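# Survey of secondary and tertiary structure
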Amino acid sequence: MTCRETKNLLTAYVDGELDSAGSLSIESHVQGCALCLAELENLHALSSAIQNGGLRFKAPHRLKKNIAAAIRAEHPKAARTFSGWRWASALAAVVLIVAVWTAAIRWSTSSEETLLVNDIVSSHVRSTMANHITDVASSDSHTVKPWFAGKLDYSPPAKDLTEQGFRLVGGRLDYIDNRPVAALVYQRSQHLINLFVWPSTNTGIKAEDELTRQGYNLIHWTKSGMTYSLVSELNLTELRDCARLLRE
Ligand SMILES: [Zn+2]
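Residues numbered from 1 in each chain as written. Predicted model: local features only at pLDDT ≥ 70, side-chain atom pairs only at ≥ 80, totals over all residues. Heavy atoms only, no water.

## Structural notes on the overall build of the protein chain
Broken down by element type, the protein chain carries seven helices and seven strands. Taken from N to C terminus, the helices and strands of the protein chain fall in the order α-α-α-α-α-β-α-β-β-β-β-β-β-α. Computed over the C-alpha atoms, the radius of gyration of the protein chain is 39 Å, more than 25% above the 18 Å expected from 2.2 N^0.38 for a compact globule of 248 residues. Considered along the principal axes of its C-alpha atoms, the protein chain spans approximately 110 × 60 × 35 Å. (Helix = DSSP H or I, 4+ residues; strand = E, 2+ residues; numbered from the N terminus. Rg over C-alpha atoms; globule rule 2.2 N^0.38 Å.)

Now the structure itself:
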């Protein structure tokens, strides 16, 4: 390959446009030709200078201001509309971000609550099916309440509501949301009621709520830093009576 042929193909070589036979010819020629090698190095240097962006300039702020002022002077109405439109789109973007954020928070809160509610219903069902409704069986609150001492770092209430038609059956340790909680068991005719009590944390559960899941009614509330969750297959009206008596 002659110097003339090589020079004609050098830019194509630097840009990676030659096939392997062409590239090999260039490479073997520049190994023995200092002139063409120098030419090749120049081309490489130019190529990397362009790629590194050293030739790109940002318009100075003053120039932008001058152009905007010139547009305003020429078309006062158009300029105003343009800037109004820009504000509107900026506002729309902010509204969209806020809406997406709120929806994300709501979704995560509601899915946390769903998990917790499922946990509560499962614990209730397990307790009624596994013949392990109580760890301490007594309708005496002075027996049930002290039983929890040393097992939990809080003291759950163990209100006896026998006279009001909700007999205290006893208490039990249960697990909800991966932690031990107090379960107080009441009975109304043939229906069992579990009252789960644990210190309130940010579990995603609403402060006050009534809901029905898988045929079970749930009422929960918070009071003095504790969360209470009452669950039973008992109808909602009677379960509400029970909740009201427990909260009094
Ligand atoms: Zn040469």
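## Quick word on the packing of helix 1 (residues 3-14) against helix 3 (residues 34-51)
Running from N to C, helix 1 and helix 3 cross one another at 20 degrees; their axes reach a closest spacing of 10 Å. By the angle class used here, helix 1 and helix 3 are roughly parallel. When you trace helix 1 past helix 3, the crossing you get is right-handed. Counting all contacts with helix 1, which are made through Cys3, Thr6, Lys7, Leu10, Thr11, Tyr13 and Val14, the residues of helix 3 involved are Cys36, Glu39, Leu40, Leu43, His44 and Ser47. For the contact of helix 1 with helix 3, the per-class residue count stands at seven nonpolar, four polar and two charged. (Axes fitted to C-alpha atoms, helices over the stretch in contact; angles between N-to-C directions. Parallel < 35°, antiparallel > 145°, perpendicular 65-115°, else oblique. Left-handed = near helix turned anticlockwise from the far one by under 90°. Contact = heavy atoms within 4.5 Å. Nonpolar A, V, L, I, M, F, W, Y, C, P; charged D, E, K, R; others polar.)

## Some thoughts on the nonpolar core
Core analysis: the largest hydrophobic core is formed by 41 residues, its most contacted members being Tyr186, Leu195 and Leu230. Secondary structure elements with two or more residues in this core: helix 5 (76-129), helix 6 (141-147), strand 2 (167-176), strand 3 (179-188), strand 4 (191-199), strand 6 (216-223), strand 7 (226-232) and helix 7 (236-247). Apart from residues lying up to four places away in sequence, leucine 195 is in contact with Ala182, Ala183, Leu184, Tyr186, Trp221, Tyr228, Ser229, Leu230 and Leu246. With eight residues, the next largest nonpolar core counts Tyr13, Val14, Ile26 and Leu40 among its residues. (Core = buried A, V, L, I, M, F, W, Y, C linked by side-chain atoms within 4.5 Å. Buried < 20%, exposed > 50% of the residue type's maximum accessible area, 1.4 Å probe, protein only.)

## Quick word on the sheet that holds strand 2
Here seven strands make up an open sheet; going across it, the order is 1-2-3-4-7-6-5 and the pairing antiparallel. Both edges of this open sheet fall to strand 1 (136-137) and strand 5 (209-213), since each of them pairs with a single strand only. In the sheet, strand 5 pairs with strand 6 via five bridges, with the strands oriented antiparallel. By the bridge assignment, threonine 212 is partnered in strand 6 with asparagine 217. Sheet contacts for helix 7: strand 3, strand 4, strand 5, strand 6 and strand 7; angle to strand 6, the most-contacted strand, approximately 20 degrees. (Pairing = 2+ DSSP bridges.)

## A word on the coordination of the zinc ion
Ligation of the zinc ion by protein atoms is provided by Cys3 (SG), His29 (NE2), Cys33 (SG) and Cys36 (SG), these donors lying 2.1 to 2.3 Å from the ion. One can describe the site at the zinc ion as tetrahedral: its four donor atoms subtend angles covering 98 to 117 degrees at the metal. One chain supplies every donor to the zinc ion, and in sequence these donors are spaced C-x25-H-x3-C-x2-C. The class for histidine 29 is buried, based on a relative accessible area of 13%. For cysteine 33, a relative accessible area of 11% translates into the label buried. (Donors = N, O, S within 2.8 Å, 3.2 Å for Na, K, Ca; no water. Tetrahedral: all angles 85-135°; square planar, octahedral: opposite > 155°, others 65-115°.)

## What about the pattern of salt bridges?
Pairing is possible between side chains that carry opposite charge, provided their charged atoms lie close to one another. Taken as a whole, this structure holds six salt bridges when the rule is applied. Measuring nitrogen to oxygen at the nearest pair gives 3.6 Å for the salt bridge that ties arginine 126 to aspartate 174. Separated by 48 residues along the polypeptide, arginine 126 in helix 5 and aspartate 174 in strand 2 bring together distant segments of the chain. Overall, arginine 126 belongs to the partly exposed group, its relative accessible area being 44%. Take aspartate 174: its relative accessible area is 8%, and that puts it in the buried class. Arginine 244 serves as the salt-bridge partner of glutamate 248, at 3.3 Å between the closest nitrogen and oxygen. Residue glutamate 248 is classed as exposed on the basis of its relative accessible area of 60%. In this structure arginine 244 comes out as partly exposed when scored by relative accessible area, which is 43%. A cluster of three or more residues bridged by salt bridges with shared partners is formed by Arg126, Arg172 and Asp174. (Salt bridge = Lys/Arg side-chain N within 4 Å of Asp/Glu carboxyl O.)

As far as function goes, none of this settles anything; it's purely spatial.
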